Amino acid sequence: MKENQSQNSGKFKNLFPLAWVFFKIGLLTFGGGYAMIPIIQSEVSEKRKWISEEELMHVVTIAESTPGPIAINAATYVGYNICGFFGSLAATVSVVLAPFTIIYLISLFLEQFMKFTVVANAFKGIQIAVAFLILSAGIKFIKKLKKQAFPIITVALTITVMLLLDIFALSFSSVYLILMGAFAGLMLTVVARMQHKNKTDKEDESK
């Protein structure tokens, strides 16, 4: 009983730091979910070691493949992983609180807000920085990929297809690319398991 209580109290010690970290991420990150990925990686994996970088890659993959914004899905998962239900609630609310408040206030005065030349130029600069953040996150995840044929070929094909779609201005949802990647991964897993089973059966027969 005492062990359970100490474990619970240990978890709840991280509740405020968890909420504060995701509040800062939501407040200081421009560009949406993808731009938040390197910040989440730095704060959650590198500084505080709450989850490993490999696990964060899985979180991003799942968050991107499920309904809802990627940053919110990632915050919900990390929060639950650290402090259970209350951690997921705290992280999710914290990451959306500042953006929601700021966007709501801007929406009230959007036309007047964008008339200022300084503001318009600032947004142009922010767009460049956001593009760099997204590219940086992508490069980091590519470096973390296992040096195997399937991940390398999948990444190369995906980048090639997306570039060709942009060059020829073709309409093709990225959802289909995700589903095709998932299907290819499932087929590879099935084939690998069948090969392993056949190998095991042959070894049993030889004995």
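1. Some points on the environment of Ile152
Okay, so step 1: The residue Ile152 is located in helix α8 (residues 149-167) in this model.
Okay, so step 2: C-alpha of Ile152 to C-alpha of Ile142: the two residues are 10 residues apart in sequence and 8.6 Å apart in space.

2. Looking at the pattern of salt bridges
Okay, so step 1: Going through the model one piece at a time under the given rule, you end up with 2 salt bridges.
Okay, so step 2: The partner of Glu43 in a salt bridge is Lys47, and the shortest N-O contact between them spans 3.4 Å. Taken together, the residues Glu43 and Lys47, both in helix α3 (residues 33-47) and 4 residues apart, mark about one turn of the helix.
Okay, so step 3: A relative accessible area of 11% places Glu43 in the buried class.
Okay, so step 4: The class of Lys47 is exposed, set by a relative accessible area of 56%.
Okay, so step 5: Here Arg48 and Glu43 are joined by a salt bridge, their closest N and O atoms 2.5 Å apart.

3. Some remarks on the packing of aromatic side chains
Okay, so step 1: A complete count under the given rule lists 4 aromatic pairs for this structure.
Okay, so step 2: An angle of 75° between the planes, with centres 5.4 Å apart, marks the rings of Phe85 and Phe86 as edge-to-face.
Okay, so step 3: In this structure Phe85 comes out as exposed when scored by relative accessible area, which is 53%.
Okay, so step 4: Look at Phe86 and you get partly exposed, because its relative accessible area is 46%.
Okay, so step 5: Ring centres of Phe100 and Tyr104 lie 6.4 Å apart, and the angle between their planes is 15°; on these two criteria the pair is classed as stacked. Taken together, the residues Phe100 and Tyr104, both in helix α5 (residues 70-108) and 4 residues apart, mark about one turn of the helix.
Okay, so step 6: Sitting over the ring of Trp50, Arg48 keeps its end group 5.8 Å from the ring centre.

4. Comments concerning the packing of helix α2 (residues 15-28) against α5
Okay, so step 1: At a minimum axis separation of 7 Å, α2 and α5 run at an interaxial angle of 35°. Crossing geometry of α2 relative to α5 is assigned as right-handed.
Okay, so step 2: Split into classes, the residues belonging to the contact of α2 with α5 amount to 18 nonpolar, 4 polar and no charged.

5. A word on the packing of α8 against helix α9 (residues 174-206)
Okay, so step 1: Running from amino to carboxyl end, α8 crosses α9 at an angle of 160°, the nearest separation of the two axes being 12 Å. By the angle between their directions, the pair α8 and α9 is classed as roughly antiparallel. Both α8 and α9 take part in a crossing whose hand is right-handed. Of the residues in α9, those touching α8 at Phe150, Thr158, Val161 and Met162 are Leu177, Gly181, Ala184, Gly185 and Leu188.

6. So, the environment of Gly87
Okay, so step 1: Position of Gly87 among the secondary structure elements: in helix α5.
Okay, so step 2: Taking the C-alpha atoms as reference points, Gly87 and Phe16, separated by 71 residues in sequence, lie 9.0 Å from one another.
Okay, so step 3: If we ignore the near neighbours within four places in the chain, the residues touching Gly87 are Leu15, Leu18, Gly79 and Tyr80.

7. Some details on the layout of surface pockets
Okay, so step 1: When its volume is computed, the largest pocket comes out at roughly 1900 Å³.
Okay, so step 2: Forming the walls of the largest pocket are 40 residues, and the residues nearest its centre are Thr61, Leu145, Thr154, Val155 and Thr158.
Okay, so step 3: For the lining of the largest pocket, the elements supplying multiple residues, two or more each, are α3, α4 (53-65), α7 (117-144), α8 and α9.
Okay, so step 4: Per-element tally for the lining of the largest pocket: the top contributor is α8, with 11 residues.
Okay, so step 5: Tallied by class, the residues present in the lining of the largest pocket amount to 27 nonpolar, 9 polar and 4 charged.

So, how was this worked out
- Within each chain, residue numbers correspond to sequence positions counted from 1 in written order.
- Predicted model: local features are reported for residues with pLDDT of at least 70 only, side-chain atom pairs are reported and counted for 80 or more only, and whole-chain, interface and lining totals are derived from all residues.
- Side-chain metrics in this entry use all non-hydrogen atoms of the structure; hydrogen atoms and water are not considered.
- Numbered from the N terminus, helices here are DSSP runs of H or I no shorter than four residues, and strands are runs of E no shorter than two.
- Salt bridges are defined as contacts in which a side-chain nitrogen from Lys or Arg sits within 4 Å of a carboxyl oxygen from Asp or Glu.
- Categorising residues by exposure relies on relative accessible area from a 1.4 Å probe, with only protein chains included: less than 20% of the type maximum marks a residue as buried, more than 50% marks it as exposed, and the intermediate range marks it as partly exposed.
- Here a pair means two rings of Phe, Tyr or Trp (six-membered ring of Trp) with centres within 6.5 Å. Their orientation is stacked below 30 degrees between planes, edge-to-face above 60, and tilted elsewhere.
- A positively charged side chain is recorded as over a ring if its NZ (Lys) or CZ (Arg) lies within 6 Å of the ring centre. The angle to the ring normal must also be within 35 degrees.
- For helices, the fitted axis covers only the stretch in contact; all axes are lines through C-alpha atoms, and the angles between them, taken along N-to-C directions, range from 0 to 180 degrees.
- Whether a crossing is left-handed or right-handed is set by the direction in which the near helix is turned from the far one by less than a right angle, anticlockwise for left-handed and clockwise for right-handed.
- Gly counts as polar in this scheme, as do all residues outside two lists: the nonpolar Ala, Val, Leu, Ile, Met, Phe, Trp, Tyr, Cys and Pro, and the charged Asp, Glu, Lys and Arg.
- Roughly parallel refers to an angle under 35 degrees, roughly antiparallel to one over 145, roughly perpendicular to one between 65 and 115, and oblique to any angle outside these ranges.
- Whether two residues are in contact is decided by their heavy atoms, any of which lying within 4.5 Å being enough.
- Here a cavity denotes grid points, spaced 1 Å and computed from the protein atoms alone, that fit a 1.4 Å probe unable to get out, and a pocket denotes an open set having protein on both sides within 12 Å along at least 5 of 7 lines; residues with an atom within 4 Å of a point are the lining.
- Grid points are joined across faces, edges and corners, and a volume is the space filled by probe spheres set on the points.

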